[in-house]
Amino acid sequence: MEENRIEIDRDLCDGCGLCVTVCPTGTISLMEGKAAVSGEESISCGHCEAVCPQKAIRVMAIDEEMSRYKTFTMEKQWLPPGKYSTSVLVQLMASRRSCRCFTNQSVDRAILEDLVKIGITAPSGTNSQSWTFTIMPTRKAVASFAEYIASYFGRLNTTAEKTMLRLFLKLTGKGELDAYYRGYYRKVKKALQEWHGSGKDRLFHGSTAAIIIGSRPGASCPAEDALLATQNILLAAHSMGLGSCLIGYAVAAMKKDASIQQSIGIPSEEGIHAVIALGYPDEVYQRVTGRKKVTQRYFEG
Ligand SMILES: Cc1cc2nc3c(=O)[nH]c(=O)nc-3n(C[C@H](O)[C@H](O)[C@H](O)COP(=O)(O)O)c2cc1C
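None of these values were measured; they are calculated from a predicted model.

Would you mind going over the site of the ligand with me for this structure?
Every residue close to the ligand is listed here: Arg-96, Arg-97, Ser-98, Arg-100, His-205, Cys-245, Leu-246, Ile-247, Gly-248, Tyr-249 and Arg-291. Separating an oxygen atom of the ligand from a side-chain N or O atom of His-205 is a distance of 2.8 Å. Taking Gly-248, its main chain carries an N or O atom lying 2.8 Å from a nitrogen atom of the ligand. Isolated, the ligand exposes 610 Å² of accessible area, and the fraction of that covered by the protein chains is 58%. Breaking the shell around the ligand down by element, the ones donating at least two residues are β7 (243-246) and α9 (248-256). For the shell around the ligand, the class distribution of residues is four nonpolar, three polar and four charged.

What follows is the structure, given as structure tokens:
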């Protein structure tokens, strides 16, 4: 396919065949001692370009701009397995905490754009890269988004207050509203009172930026792709001095009320998978802590 075009410079190619070995789709083969495109199944993953010692291959869909960062420089050299400190990596992972206390300092757009580029270094099913990122670069934008979410939960709470409706739905096998009432109604009611009263933001915790991670239609694993990009962003944000928090309430509201995503300019055909609140943290931890006991098992064949 034209969009997945691979160009091979036959003069540079020395026929080593490494590109043939790493290609996941069998798109390249050796012909008359040189690499040649012999199939139409390329997914533009870039393995052939990355492995070629002669720099003879270009995957045309790869946009160099996507790996040019504005706020830091990245070593372009590939890190082989085992050549990075596991200890440093895990310390970063364990030090990232959900931030629920942000300062009012805004986040530079260059940082937010770099975070998106870091997000998309994640793998994606069949390399579809169908993720989308909607950046809210200011507190004003976050607050007006929060208003839509608060309005949704206000309406949901009003519905959930109707005892007979809850019981009727439950009896007809639709226990969702009753489960919401039992699990969230009171918490949400208190948060909404604070939002409308003192302006305390229990939803986005006063964050000064946010990123919504969505997906264009047609991907094989849109949610998985988006959440992998999301974790990249969370870790990178921490390394850049930012606090972050996933806002599941916002995702839930957007999934139930399609008008919210239209109101903020996200096309209706896109799926919504994560909302990340971002900003400078107004909290300091003394140590990292662990997790609950995990369920782990082996299958030995
Ligand atoms: C899918 C998902 C949704 C979440 N939604 C919210 C949310 O709406 N509000 C919030 O304050 N924290 C939210 N969190 C943060 C979790 O509460 C947090 O990850 C968990 O308590 C572990 O703490 P840690 O992130 O600091 O390690 C969410 C986390 C995940 C993974």
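Mind showing me how you'd approach the domain arrangement of the chain here?
Where interface size is quoted, it is often the accessible area lost as the parts come together. By the assigned domains, the chain splits into domain 1 (2-62) and domain 2 (77-285). Taking only C-alpha atoms, the centre of domain 1 and the centre of domain 2 are 39 Å apart.

Is there a simple way to explain the pairing of strand β2 (residues 28-31) in this structure?
Two faces belong to every sheet, and in a regular strand the side chains alternate between them. As defined by bridge partners, β2 adjoins strand β3 (residues 34-37) across four bridges and the pair is classed as antiparallel. Across the sheet, Ile-28 pairs through a bridge with Val-37, a residue of β3. Taking the residues between adjacent antiparallel strands as the criterion, β2 and β3 are bridged by two residues, where Glu-32 takes a positive phi near 50 degrees.

Which parts of the structure should I look at to understand unusual backbone geometry?
Negative phi values dominate among residues other than glycine, just as trans dominates among peptide bonds. Look at Thr-126: it is not a glycine, yet its phi comes out positive at around 45 degrees. One can find Thr-126 in the loop between α4 (109-119) and β5 (131-136). A residue is classified by how much of its surface remains accessible, and Thr-126, at 55% relative accessible area, is exposed. The backbone of Gln-129 shows a phi angle near 50 degrees, a positive value even though the residue is not glycine.

Criteria and cut-off values
- Position labels on residues start from 1 in each chain and follow its written sequence.
- It should be noted that, the model being predicted, local features are given only for residues of pLDDT at least 70 and side-chain atom pairs only at 80 or more, the latter also being counted only at that level, while totals for whole chains, interfaces and linings use all residues.
- Here the side-chain values reflect all heavy atoms present in the structure, with hydrogen atoms and water set aside.
- Residue proximity to a molecule or strand is established when one non-hydrogen atom of the residue lies within 4 Å of it.
- The definition of a polar contact used here is a pair of N or O atoms within 3.5 Å, where within protein one atom must be able to donate a hydrogen and the other to accept one, and adjacent residues in sequence count solely through side-chain atom pairs.
- Areas reported here follow the Shrake-Rupley algorithm with a probe of radius 1.4 Å; residue values treat only the protein chains shown as occluding.
- Each helix is a run of DSSP H or I of at least 4 residues and each strand a run of E of at least 2, with the numbering of both proceeding from the N terminus.
- Three residue categories are used. Nonpolar comprises Ala, Val, Leu, Ile, Met, Phe, Trp, Tyr, Cys and Pro, charged comprises Asp, Glu, Lys and Arg, and polar comprises the others, including Gly.
- Where each domain starts and ends comes from a domain assignment, either automatic or drawn from a database.
- A pair of strands is considered paired only if DSSP assigns at least 2 bridges between the two.
- Burial status follows relative accessibility: with a 1.4 Å probe on protein chains alone, a residue under 20% of its type maximum counts as buried, one over 50% as exposed, and anything between as partly exposed.

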